[in-house]
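# Observations on the model geometry
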Number of protein chains: 2
Amino acid sequence: MSRELIDRFNQHVSQLRNLRQTAQRDLIARTFFENTGHMSVEELHQKVRQKDPKIGFATVYRAMRLIADAGLAIPRSFGDGLTRYEAAGAKRHHDHLICKGCGRITEFVNDPIEELQTQVATKHGYKILDHKLELYGFCPDCQETQ
Amino acid sequence: MSRELIDRFNQHVSQLRNLRQTAQRDLIARTFFENTGHMSVEELHQKVRQKDPKIGFATVYRAMRLIADAGLAIPRSFGDGLTRYEAAGAKRHHDHLICKGCGRITEFVNDPIEELQTQVATKHGYKILDHKLELYGFCPDCQETQ
DNA sequence: ATACCTGCAAATGTTTTGCAATGAT
DNA sequence: ATCATTGCAAAACATTTGCAGGTAT
């Protein structure tokens, strides 16, 4: 599964004449897709550095923008000031439950909600490109300690 | 309507022994509640400066945090890097349609969606505190020019 | 040789904080 | 007098950009 996305990224890069496939980009993409999503750039940078300590964060930022431009990752910002990227493309659309206690992020899919969203947009004459639904609260584990 | 929120804010401030009501806070709260929501701190700062040019942005940031702590404003971040505040309290919960063309923000309320969200959270064992639903697309006006 | 990439450092943009001066109680 | 508040500047924070050196074509 992660292999497919890495291949798609490499394919995307090689199709553009002014882009090159490099060891750094490959490593970053590989690390990103091999880990389950919602990684901040800093987290990804640290993971990447375990394999190649010389890679700077600017390179990670640039690579993630490339991957996002290729449509293979989606930038998201949950409450904290960080941008987190989420793998896209293979997985279908989903929304998020975010725990305010431990920060755990759970994904869910709910078709009736999607359907109602489309209805709302149509009613207001909007043409929807994208949407974002986030539920904030306490997960089962954190409810005990609260 | 905005009067009620200003009063509630003043009441909140006066109840805490270590907080004082000041002309700056009053002006900032007044300006914020008198304008329709979704203002960034910088926008608010500019509006406030029209009435009192000496007010610095740190004061506006601090005042908005106070107002938010009082539960009378909610910080939101739509795609751009800015935090926007939205008046809360008097108005009931609502969600947002955001135009990617002109940036216009339309509010809407949809009870069935709220209901489904609660169901999803319950199914995952989460206790929901808050949620955020944003639909991004083109508003009627911007569809013509696209 | 050309042109893209990298890594570093510096710049950017937003938000926070330290501090001396001010103002209220 | 005390103590919160202000405004300014500096700091902190995530992210972007400029640039010299390196590397692939």
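Residues numbered from 1 in each chain as written. Chains lettered and ligands numbered in written order. Predicted model: local features only at pLDDT ≥ 70, side-chain atom pairs only at ≥ 80, totals over all residues. Heavy atoms only, no water.

### A closer look at the protein's contact with DNA strand D
As a matter of local geometry, DNA strand D sits amid 21 residues, with Tyr61 and Thr83 of chain A together with Thr22, Arg25 and Thr59 of chain B nearest to it. Counting only the atoms of DNA strand D that lie within 4 Å of the protein, the sugar and phosphate share comes to 74%. At 3.4 Å, a side-chain N or O of Arg62 of chain A approaches a base oxygen of DNA strand D. Here a phosphate oxygen of DNA strand D sits 2.4 Å away from a polar atom, N or O, in the side chain of Arg25 of chain B. If you list the elements that add at least two residues to the surface near DNA strand D, you get α4 (57-69) of chain A together with α2 (23-34) and α4 (57-69) of chain B. Ranked by the residues each element gives to the surface near DNA strand D, the list is headed by α4 of chain A, at 5 residues. Looking at side-chain class alone, the surface near DNA strand D contains 7 nonpolar, 7 polar and 7 charged residues. (Near = heavy atom within 4 Å. Polar contact = N/O pair within 3.5 Å; in protein donor to acceptor, adjacent residues only side chain to side chain. Helix = DSSP H or I, 4+ residues; strand = E, 2+ residues; numbered from the N terminus. Nonpolar A, V, L, I, M, F, W, Y, C, P; charged D, E, K, R; others polar.)

### Details of the interface of chain A and chain B
Frequently, the measure chosen for interface size is the accessible area that the parts lose on association. The interface is formed by 34 residues belonging to chain A together with 34 residues belonging to chain B. Together, Tyr126, Lys132 and Tyr136 of chain A form the three largest contributors to the area buried by chain A at its contact with chain B, with a combined 21%. Counting every contact that joins chain A to chain B gives 1 salt bridge. Note that Lys132 of chain A and Glu134 of chain B form a salt bridge whose closest N and O atoms lie 4.0 Å from each other. Listed by contribution, the elements that provide at least two residues to the side of chain A that touches chain B are β4 (95-99), β5 (105-108), α5 (111-123), β6 (127-138) and α6 (140-145) of chain A. Among the elements that take part in the side of chain A that touches chain B, β6 of chain A stands out by supplying 12 residues, more than any other. Considered class by class, the residues forming the side of chain A that touches chain B number 18 nonpolar, 9 polar and 7 charged. Bridge count for β6 of chain A against strand β6 (residues 127-138) of chain B is 11 bridges, and the pairing is antiparallel. Across the sheet, the residue bridging to Ile128 of chain A is Gly137 of chain B, located in β6 of chain B. (Contact = heavy atoms within 4.5 Å. Buried area = accessible area lost by both parts, 1.4 Å probe. Salt bridge = Lys/Arg side-chain N within 4 Å of Asp/Glu carboxyl O. Pairing = 2+ DSSP bridges.)

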